Amino acid sequence: METQKLLYTGKAKSLYTTEHPDQLLCVFRNDTSAFDGRKIEQLERKGMVNNYFNAFIMQKLAENGVPNHFVKIAKDDASIVKRLDMIPVECVVRNYAAGSLCRRLGIEAGLELTPPTFEFFLKNDELHDPMVNDSLILTFKWATQQDIDQMKKYAFAVNEVLKKLFLDAGLLLVDYKLEFGRHESGLLLGDEFSPDGCRIWDAKTKKVLDKDRFRKEMGDVVEGYEEVAQRLGIKLPQVA
Ligand code: ADP
Ligand code: UDP
């Protein structure tokens, strides 16, 4: 009997069913996209690096009170996750100004944001992921008030855990995007946490070590991700 059926192919990951109805296989592909999928390239080793990176972070978050979908690593480029009913909004937390915040509000890049900011964006590439707010989320029933409160609470809890983890490695967690979904056990953090969905700078030199290297054609994209992984103590398989 066939146990694995392709359920969904996104821009960077593919989800397959498994023999457990409650679990999916999440394959991290080498595909790297930016600008709502208008720029796409294959970057060697990226799927593997992001899989190990995500596993490490999700385990840290679970240990520190942020429940999430990660179950276990299945292969170098894939993990088993709990199947979620995804909430179609992205939650962005920022510690330093960068990216769309600077473009939208004319804020100088690198400004420290105190307190950190929180934004919701609708997950919709055709509409370029427009910013939304609690009122729109409730009216269009993308999530309930309880979901909204929990997403905000967990998004800031993630910041408490990860800001310190990165700073201890001499790195600034500039901003990050999270996605949540519903599970019988409650709301869980889903999707991924990797340099594809966050910004990380060297604390001293401000060297960019995340997907902005790809967006801005800076080169050495996966090398940047690997440098962060190595500085966080994440063990990556040696590729010949
Ligand atoms: P995108 O859909 O933005 O192109 P990806 O390539 O990362 O992104 O695809 C992963 C998709 O899987 C996303 O749409 C995400 O919301 C969804 N997803 C992530 N984790 C889970 C999960 N545990 N259960 C179901 N869907 C998930
Ligand atoms: N982000 C993401 N997926 C998206 C939009 C943003 O992972 O569809 C991440 C992005 O990598 C950054 C943070 O969310 O770490 C904030 O992104 P921003 O709003 O600044 O948008 P960008 O400038 O990347 O378009």
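Definitions and cut-offs
Residues numbered from 1 in each chain as written. Chains lettered and ligands numbered in written order. Predicted model: local features only at pLDDT ≥ 70, side-chain atom pairs only at ≥ 80, totals over all residues. Heavy atoms only, no water. Near = heavy atom within 4 Å. Polar contact = N/O pair within 3.5 Å; in protein donor to acceptor, adjacent residues only side chain to side chain. Areas by Shrake-Rupley, 256 points an atom, 1.4 Å probe, with all protein chains shown as cover. Nonpolar A, V, L, I, M, F, W, Y, C, P; charged D, E, K, R; others polar. Pairing = 2+ DSSP bridges. Helix = DSSP H or I, 4+ residues; strand = E, 2+ residues; numbered from the N terminus. Salt bridge = Lys/Arg side-chain N within 4 Å of Asp/Glu carboxyl O. Buried < 20%, exposed > 50% of the residue type's maximum accessible area, 1.4 Å probe, protein only. Expected span 1.5 Å × (residues − 1). Phe/Tyr/Trp six-rings, centres within 6.5 Å; stacked < 30°, edge-to-face > 60°. Axes fitted to C-alpha atoms, helices over the stretch in contact; angles between N-to-C directions. Contact = heavy atoms within 4.5 Å.

## Let's talk about the site of ligand 1
At step 1: Taken together, the neighbourhood of ligand 1 is formed by 16 residues, with Tyr8, Lys11, Ala12, Lys13 and Glu179 sitting nearest.
At step 2: Residue Lys11 places a main-chain N or O atom 2.7 Å away from an oxygen atom belonging to ligand 1.
At step 3: Within the side chain of Glu179, a nitrogen or oxygen atom sits 2.7 Å from an oxygen atom of ligand 1.
At step 4: In the complex, 89% of the free accessible area of ligand 1, which totals 560 Å², lies under the protein chains.
At step 5: By residue class, the composition of the shell around ligand 1 is seven nonpolar, two polar and seven charged.

## Some thoughts on the pairing of strand E5 (residues 39-42)
At step 1: Bridge analysis of strand E4 (residues 31-34) against E5 gives four bridges, and the strand direction is antiparallel. Its bridge partner being in E5, Asp31 is matched across the sheet by Gln42.
At step 2: Where E4 hands over to E5, the hairpin turn is made up of four residues, of which Phe35 adopts a positive phi near 55°.

## Comments concerning the site of ligand 2
At step 1: The immediate surroundings of ligand 2 are formed by 15 residues, with Arg94, Ser100, Asp175, Arg199 and Arg215 found nearest.
At step 2: Contact distances for ligand 2 include 2.6 Å between an oxygen atom and a side-chain N or O atom of Asp175.
At step 3: Burial of ligand 2 by the protein chains amounts to 81% of its free accessible area of 510 Å².
At step 4: Those elements giving two or more residues to the shell around ligand 2 turn out to be strand E9 (89-96), helix H2 (99-105), strand E12 (171-178) and strand E15 (198-202).
At step 5: Looking at the shell around ligand 2 residue by residue, the class counts come to three nonpolar, three polar and nine charged.

## Notes on the pattern of salt bridges
Oppositely charged side chains may form a pair once their charged atoms are brought near each other.
At step 1: This structure, assessed with the given rule, holds 25 salt bridges.
At step 2: We note a salt bridge from Lys39 to Glu217, for which the minimum N-O separation is 2.6 Å. Here Glu217 lies in the loop between helix H5 (212-215) and helix H6 (221-232) and Lys39 lies in strand E5, a separation of 178 residues in the sequence.
At step 3: Residue classification places Lys39 among the buried residues on the basis of a relative accessible area of 13%.

## Re the sheet that holds strand E8 (residues 85-86)
At step 1: Across the sheet, which stays open at both edges, the three strands sit in the order E8-E13-E14 with antiparallel pairing between neighbours. Sheet topology places E8 and strand E14 (186-189) at the edges, where each strand pairs with a single neighbour.
At step 2: For strand E13 (residues 180-183) and E14, the ladder comprises four bridges, and the chain directions are antiparallel. From the neighbouring strand, His183 faces E14, where its bridge partner is Gly186.

## Some points on helix H1 (residues 46-63)
At step 1: With 18 residues, H1 extends 26 Å from end C-alpha to end C-alpha; this agrees with the ideal 26 Å at 1.5 Å per step.
At step 2: Here H1 lies mainly inside the structure; 14 of its 18 residues are buried.

## Describing the pairing of strand E3 (residues 23-28)
At step 1: Here E3 lies mainly inside the structure; five of its six residues are buried.
At step 2: With five bridges joining them, E3 and strand E7 (residues 78-82) adopt antiparallel strand pairing. Looking at the pairing, Gln23 lines up with Lys82 of E7.

## So, the packing of aromatic side chains
At step 1: Under the counting rule described, the total for this entry stands at five aromatic pairs.
At step 2: Where Phe140 meets Trp142, the ring centres are 5.3 Å apart and the plane angle is 35°; that geometry is what we call tilted.
At step 3: Ring-pair connections join several aromatic residues into one group, and the members of that group are Phe118, Phe120 and Phe156.

## Here's the deal with the sheet that holds E3
At step 1: Strand order across the open sheet formed by five strands is E1-E2-E3-E7-E6, with antiparallel pairing between neighbours. The outermost strands of the open sheet, each flanked by one partner alone, are strand E1 (6-9) and strand E6 (70-75). Going from strand to strand, the sheet's axes swing by 25° on average, the running direction of each strand aside.
At step 2: Across the face of the sheet, H1 comes into contact with E3, E6 and E7 while running at roughly 155° to E6.

## Focus: the side chain of Asp31
At step 1: The topology assignment puts Asp31 in strand E4.
At step 2: Of the residues examined, Asp31 reaches a relative accessible area of 15% and is grouped as buried.
At step 3: In this structure the side chain of Asp31 is engaged in a polar contact, spanning 2.7 Å, whose partner is the side chain of Arg29.
At step 4: Here Asp31 is in contact with Lys11, Ala12, Ile40, Glu41, Gln42 and Lys46, once residues within four sequence places are set aside.

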